[in-house]
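Single-letter residue listing:
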Amino acid sequence: MKKLFIATVVLLSVQFASAQSADFKKDVVSYIKMSGSAAQVTAVLEPIIEQIPEDKRADFKKDLDSSLPSLYEKIADVMMKHYTHDDIKKMIEFYNSPVGKKIQEVTPKITKDQMKAGQEWGMELQGILMKYMQ
């Protein structure tokens, strides 16, 4: 009887921990989407999408979109190593504030501008590299 009780307690503990972990991951994925991280991924992918022939873009985009949840899960796993569930809840609370919503709105635009600035700097760097490679 004692062994059955211990086994039941262990099983319930594992199920409780698993449910907490699932809630934690769900919250982290929500955070990824609302923080602008998902929008940054989309902005980075736009130049890749433009390289696909126009008649195949819609199908490519469907395949790409269906792969994104897997990416968000992987990112969530990484974030869960560095943040507590409480940290994530507080971040979500922030992103529901007016300033957080503004960040969500402008992050894709900022990402595009940063990519352009990075490309321009890359061209400058190429000139510097050539100077020292000769």
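Computed from a predicted structure; not experimentally measured. (Residues numbered from 1 in each chain as written. Predicted model: local features only at pLDDT ≥ 70, side-chain atom pairs only at ≥ 80, totals over all residues. Heavy atoms only, no water.)

### As for the overall build of the protein chain
On a plain count of helices and strands, the protein chain comes out with five helices and zero strands. Seen in sequence order, the protein chain has helices and strands lined up from the N terminus as α-α-α-α-α. When each of the 134 residues of the protein chain is scored for burial, the buried share is 21%. In the structure as shown, the protein chain presents an accessible area of about 10,300 Å², 62% of it carried by carbon and sulfur atoms. (Helix = DSSP H or I, 4+ residues; strand = E, 2+ residues; numbered from the N terminus. Buried < 20%, exposed > 50% of the residue type's maximum accessible area, 1.4 Å probe, protein only. Areas by Shrake-Rupley, 256 points an atom, 1.4 Å probe, with all protein chains shown as cover.)

### Focus on the nonpolar core
One finds V28, Y31, I32, Y72, M79 and I88 to be the most contacted residues of the largest nonpolar core, which totals 20 residues. At the level of elements, helix 1 (2-35), helix 2 (37-51), helix 3 (54-82) and helix 4 (85-95) are the ones that each hand at least two residues to this core. Setting aside residues up to four positions removed in sequence, Y72 forms contacts with V29, I32, K33 and A38. (Core = buried A, V, L, I, M, F, W, Y, C linked by side-chain atoms within 4.5 Å. Contact = heavy atoms within 4.5 Å.)

### Some words on the environment of I52
As for its position among the elements, I52 is in the loop between helix 2 and helix 3. Residue classification places I52 among the partly exposed residues on the basis of a relative accessible area of 22%.

### Considerations on the packing of aromatic side chains
The final tally for this structure, using the stated rule, is two aromatic pairs. Aromatic side chains Y31 and Y95 sit 5.7 Å apart centroid to centroid with 65° between the ring planes, which places their arrangement in the edge-to-face category. One end of the pair, Y31, is in helix 1; the other, Y95, is in helix 4, and 64 residues separate them in sequence. Note on Y31: relative accessible area 12%, which makes it buried. (Phe/Tyr/Trp six-rings, centres within 6.5 Å; stacked < 30°, edge-to-face > 60°.)

### Thoughts on a negative patch on the surface
A cluster of like negative charges, contributed by E54, D55, D59 and D63, occupies part of the molecular surface. Along the chain, E54 turns up in helix 3. (Patch = residues over 30% accessible without salt bridge, like charges linked within 9 Å, V, L, I, M, F, W, Y side chains within 5 Å. Salt bridge = Lys/Arg side-chain N within 4 Å of Asp/Glu carboxyl O. Lys, Arg positive; Asp, Glu negative; His and termini not counted. Charge placed at Lys NZ, Arg CZ, Asp CG, Glu CD.)

### Digging into the side chain of T107
Take T107: it is sitting in helix 5 (residues 98-133). Residue classification places T107 among the buried positions, given a relative accessible area of 10%.

### Some details on the confidence of the model for the protein chain
The predicted coordinates should not be examined in detail at positions where pLDDT is low. For the protein chain, the mean per-residue pLDDT works out to 84, and 85% of the residues sit at or above 70. Here helix 1 stands out as the element of the protein chain with the lowest mean pLDDT, 69, in contrast to helix 4, whose mean of 95 is the highest. Below a pLDDT of 50 lies the segment residues 12-19, which in the model reaches zero contacts outside its immediate sequence neighbourhood of four places, other chains included. (pLDDT = per-residue confidence, 0-100.)

### As for the pattern of salt bridges
Side-chain pairs of opposite charge can arise whenever the charged atoms involved come near each other. The final tally for this structure, using the stated rule, is five salt bridges. The closest approach of N and O atoms between K61 and D65, which form a salt bridge, is 3.5 Å. In this pair, K61 and D65 are both assigned in helix 3, four residues apart and thus about one turn of the helix distant. For K61, a relative accessible area of 36% gives the class partly exposed.

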